[in-house]
Amino acid sequence: FQDLSSSPATMAASKFADFYGALPGNDEECADVTSAYLQALLGGTECWVELPKHRWPKGWEGVYRRPVCPLIMALYGHPEAGGYWEMHCHEKVVAAGFERACEEWPGCYWHSELKCFLVVYVDDLKMSGPKAGMKEAWKRLRKDLVMDDPEPSGRYLGCEHRTSEVKVNGKKYKIMSYDME
């Protein structure tokens, strides 16, 4: 197979989302796409896989020796699965009203109507923006993507994200700290 390229978002993009979520009136949430690769069709070279014995229907034992079937979904582990998932996800994110934020940051999207910034890192979605806008944006994304309920930022890209407030000259500011322990 010729590997299909995959371009995950950067840590800088994640930190920009943190910054945007810390602005007055904004918030930030994350959600995982459930079995992401199994939501995308596999394209390219036809691929057949041997079915493991524990997945055989009743009555196949003794009839078949090593049955195979075409691989239709972008199963994790296939060299091109990540690229096909990325294309599928991009299509669904655009259908929800987002557009690429810029070419330099793949996996980053902006929704001009809802004022939401979205970072896609494989199956992890991180969004920041006005709370009402995010609620609607998640609703639109969930129309075509099966995902967990959005939650406040926590663990993302192997780093614990902690939001808190600090008072400076009598004004409250939201801050994000990163714990990589």
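What comes next concerns the included structure. (Residues numbered from 1 in each chain as written. Predicted model: local features only at pLDDT ≥ 70, side-chain atom pairs only at ≥ 80, totals over all residues. Heavy atoms only, no water.)

Let's talk about the overall build of the chain
Secondary structure summary: the chain contains 3 helices and 11 strands in total. In sequence order, the chain lays out its α and β elements as α-β-β-β-α-β-β-β-β-α-β-β-β-β. In terms of overall size, the chain is more extended than a compact globule, its C-alpha atoms giving a radius of gyration of 20 Å where 181 residues would be expected to give roughly 16 Å. Its C-alpha atoms put the chain at 80 × 30 × 30 Å along the principal axes. Counting all 181 residues of the chain, 35% fall into the buried class. Put simply, 59% of the contacts in the chain that link residues at least 6 apart link residues at least 24 apart. Carbon and sulfur atoms provide 54% of the accessible area of the chain, an area that totals close to 11,200 Å². Here the chain carries 22 positive and 27 negative side-chain charges, and the mean point of each set is 5 Å from the other. (Helix = DSSP H or I, 4+ residues; strand = E, 2+ residues; numbered from the N terminus. Rg over C-alpha atoms; globule rule 2.2 N^0.38 Å. Buried < 20%, exposed > 50% of the residue type's maximum accessible area, 1.4 Å probe, protein only. Contact = heavy atoms within 4.5 Å. Areas by Shrake-Rupley, 256 points an atom, 1.4 Å probe, with all protein chains shown as cover. Lys, Arg positive; Asp, Glu negative; His and termini not counted. Charge placed at Lys NZ, Arg CZ, Asp CG, Glu CD.)

Topic: the sheet that holds strand 4 (residues 99–100)
With antiparallel pairing, 6 strands are arranged side by side in an open sheet as 4-5-6-7-1-8. Bordering the open sheet on either side are strand 4 and strand 8 (151–152), each of which pairs with just one other strand. Bridging between strand 6 (residues 116–121) and strand 7 (residues 124–130) involves 5 bridges; their strand directions are antiparallel. Note that in strand 7 the partner of Val 120 across the bridge is Leu 125. Lying over the sheet, helix 1 (residues 11–22) contacts strand 1 (26–32), strand 5 (108–111), strand 6 and strand 7, oriented at roughly 30° with respect to strand 7. Relative to the sheet, helix 2 (residues 81–95) contacts strand 4, strand 5 and strand 6, its axis offset from that of strand 6 by approximately 170°. (Pairing = 2+ DSSP bridges. Axes fitted to C-alpha atoms, helices over the stretch in contact; angles between N-to-C directions.)

With respect to the packing of aromatic side chains
Under the criterion given, the structure shown has 8 aromatic pairs. Taken together, a centroid distance of 5.5 Å and an interplanar angle of 35° make the contact between Tyr 37 and Tyr 76 tilted. Of the two residues, Tyr 37 is situated in the loop between strand 1 and strand 2 (48–50) and Tyr 76 in the loop between strand 3 (68–70) and helix 2; the sequence distance between them amounts to 39 residues. Relative accessible area serves as the criterion here: at 67%, Tyr 76 is assigned to the exposed category. On the numbers, 6.4 Å between centres and 55° between planes, the contact of Trp 56 with Trp 60 is tilted. Members of the aromatic cluster, joined through ring pairs, are Phe 16, Phe 19, Tyr 20, Trp 105, Trp 110 and Phe 117. Taking the ring centre of Tyr 178 as reference, the NZ or CZ of Lys 15 above it sits at 4.5 Å. (Phe/Tyr/Trp six-rings, centres within 6.5 Å; stacked < 30°, edge-to-face > 60°. Lys NZ or Arg CZ within 6 Å of the ring centre and 35° of its normal.)

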